[in-house]
Amino acid sequence: MESNRSSSTHIVIVGGGFAGVACAKVLAEDSRTRVTLVDQNGYHQFQPLLYQVATAELAGRDMAFDHTEVFRGQDAVTLVRSEVVAADADQRSVTLSDGGTITGDYLVLAAGAQPNFFHTPGAQEFAFPLYSLTDARRVRERVLQLFADASAKPELIDEGALNFVIVGGGPTGVEIAGALSELVYDVMPHRYPNLAVAGARIILVDLGRALLAPFSDESHTYAATQLQQRGVELRLGTAVTEVARDHVSLRDKTTIPTHLVIWGGGESASAIAGNAGIGQGRGGRIDVRPDLSVPGHPNVFAVGDVANIPHGDERALPQLGSVAQQSGAWAAKNIIGDIGGTGRESFHYRDKGIMAMIGRKAAVAEIGPHRHELHGRLAFASWLGVHAELLANAGAELRAFVAWAEEFYFRPHHRSAELLDPEQVELPRIHWGQSR
Ligand SMILES: Cc1cc2nc3c(=O)[nH]c(=O)nc-3n(C[C@H](O)[C@H](O)[C@H](O)COP(=O)(O)OP(=O)(O)OC[C@H]3O[C@@H](n4cnc5c(N)ncnc54)[C@H](O)[C@@H]3O)c2cc1C
C-alpha cells in the first residue's frame, strides 16, 4: 500500500499486534499523518486464542489476521514485513534485518513481549513457549506426535510419552492446562480408542503457592479445584530447575519424564527494547511517562507489552490485550494532539478487569476496576464478550471465534479431522530412548 500524503507527519510503528494496530488505525483516520507499520510476521497474532490453537480447538488461520486485510482501504498505512533489528530513539529511525532504515517524525515502539526462561538450564532449548502462532503450532504438533507414537508403541507411556508438564500457574498456564486436559482425556480417546489415556499425566508447576496470583483467594481455590477435577496435578511451591530433552527436574528433587514442557513461566519485553538506545526498567520493558512517551525522547512512544505504563500508585499496568489496545490508540491521539496544537493527555486506562478460562462453563472473571467477582458460566460468558470486543477492535473477523465458542459449548469433545492432522511445522521426530 503506498501513501500519497508525502508532506504529512510520518509515524513509524514497530509491531503490528494489539497496540501497533490500534495506533495505526487511529492515525490513519487523520489526513495529516502517514504511517509505516513494520512487523516481522505481517499479521496480527491474537495471543488470547493461542492455547486454542495449541490444543487443536482452532486452526492457526483463525487467530492470525493479515495486516493487508486489517488495513484494506487505508492507504495512509504502508506495511513493511521485516524484523527491526535496532532502533535509534534520537533519530526516530529503525534498522531492518536487510540493513535498510526508515526514519519518522515520530517513532512508536509496540513490539510486545517474548518468553523469559529466567536462565533455567535447558529451557530455551527444550521447553515449548506459547507466545506466537508458530509456538502454538509446535505445541499442537508435539501433542499429536506423542499420541501417534504412544498409540504405535503403548509401552512408551511408561517412558512419559503422555506426561505433559506446564510451567507457570498464571492465566496462560491455567488456560492451557484446562484445554489440554480436555484434549487428552476427552477428545483423543475417540481418535485412539485402544490407548490407555488414564496413564497420561498433566502436571502444572509453579513456584508460588496459588494459581492465578493476581486474582482473589476464592479464584485461586476455584481454579485449583476445577483443574484437579479435570485430572491436572498441581505442583505448587516448587520451581523447575532444569528442562531436558526427555525430562524435567524440580527443586523438590523430583524428576518427571516428559517430552513436552510448555513454558508459560514469564515474559519480558521484546528484544528491540534493549536495542533502541533507551534505558530498560522492570521486565526489560521501557518505562514511559504518563503521556506514553519515552523520557528524554518526546517524539518516541512505547505502548503495550513492551512498556511499563504508570498507573497511580501501582508499579505499572499488567500485560493485557486491552491495555495494549488502549495505549496504542492513546499514543496516536497524543501525536494528533501535537500536530493540531491541542496538546497531550496522560493515559487513562478503562479497566475491564481480569479473567481466565479453565474449561467449558468454568472460568474466573473479576470485572471492572472494582473487581466484581464471577466464577463458572457467567465468567465464561464475560470471557467470550471481552474477547469478542478485543477481536472486533482489532479489525478481525468474528465468524471463526463465534463458531469456535458454539462448538466448544455445545460439542466440546468434537474436533474436525483437519484440526487433528499434523501440519507442516518444523519439529523433529522424537527419538525414544536416546537421550539423557
Ligand atoms: C498465551 C497468551 C494468552 C493471553 N491471553 C490474554 C487474554 O486472554 N486477555 C488479554 O487481555 N490478554 C492476554 N494475553 C496478553 C496479550 O495478548 C498481550 O498483552 C498483547 O498481545 C500485547 O499486545 P502488544 O501489541 O503490546 O504486543 P503483541 O500483540 O505481542 O504484538 C507485538 C508485535 O510486534 C512484532 N514484533 C516484535 N518484535 C519485532 C521486531 N523486532 N521487528 C518487527 N516486528 C516485531 C510481533 O511480530 C507482533 O506482531 C495473552 C498473552 C499470551 C502470550
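Conventions and cut-offs
- Residues numbered from 1 in each chain as written.
- Predicted model: local features only at pLDDT ≥ 70, side-chain atom pairs only at ≥ 80, totals over all residues.
- Heavy atoms only, no water.
- UniProt positions renumbered as here; feature names shortened; annotations may be inferred.
- Near = heavy atom within 4 Å.
- Polar contact = N/O pair within 3.5 Å; in protein donor to acceptor, adjacent residues only side chain to side chain.
- Areas by Shrake-Rupley, 256 points an atom, 1.4 Å probe, with all protein chains shown as cover.
- Helix = DSSP H or I, 4+ residues; strand = E, 2+ residues; numbered from the N terminus.
- Nonpolar A, V, L, I, M, F, W, Y, C, P; charged D, E, K, R; others polar.
- Domains from an automatic or database assignment.
- Buried < 20%, exposed > 50% of the residue type's maximum accessible area, 1.4 Å probe, protein only.
- Axes fitted to C-alpha atoms, helices over the stretch in contact; angles between N-to-C directions.
- Left-handed = near helix turned anticlockwise from the far one by under 90°.
- Contact = heavy atoms within 4.5 Å.

An unreviewed UniProt entry lists the protein under the name NAD(P)/FAD-dependent oxidoreductase, with Dactylosporangium maewongense as the source organism. Under the UniProt heading Cofactor (unreviewed entry), the note attached to the protein is "FAD". UniProt lists a comment for the protein under the heading Sequence similarities (unreviewed entry), and it reads "Belongs to the NADH dehydrogenase family."

Asker: Got a minute to help me understand the site of the ligand in this structure?
Answerer: Close to the ligand lie 28 residues; A19, D39, V84, D305 and H387 are nearest. N41 is positioned such that a nitrogen or oxygen atom in its side chain is 3.2 Å from an oxygen atom of the ligand. For the ligand, an oxygen atom lies 2.8 Å from a polar atom in the backbone of D305. Protein contact buries 92% of the 1000 Å² of open area that the ligand shows by itself. Take the shell around the ligand: its biggest share by element is three residues, from helix 8 (residues 321-340). Within the shell around the ligand, the residues separate by chemical class into ten nonpolar, 15 polar and three charged. A domain split of the shell around the ligand shows at least three residues from each of domain 1 (9-40 + 82-115 + 268-340) and domain 2 (123-265 + 354-420).

Asker: Can you help me understand unusual backbone geometry in this one?
Answerer: Of all residues except glycine, most have a negative phi; of all peptide bonds, most are trans. With a phi close to 55°, R92 is a non-glycine residue in the positive phi region. When its relative accessible area of 25% is taken as the criterion, R92 is described as partly exposed. Despite not being glycine, L212 shows a phi value in the positive range, around 50°. The residue L212 is located in the loop between strand 13 (201-206) and helix 7 (217-229) in this model.

Asker: What is the right way to look at the packing of helix 5 (residues 133-152) against helix 6 (residues 171-191) in this model?
Answerer: For any two helices packed against each other, the geometry is given by the interaxial angle and the distance between the axes. For the pair helix 5 and helix 6, the least separation of the axes is 13 Å and the interaxial angle reads 35°. Taken as a pair, helix 5 and helix 6 cross one another with a handedness that is right-handed. Each of V143, L144 and F147 in helix 5 lies in contact with helix 6, whose residues at this interface are L180, L183, V184 and M188. Of the residues contributing to the contact of helix 5 with helix 6, the split by class is seven nonpolar, no polar and no charged.

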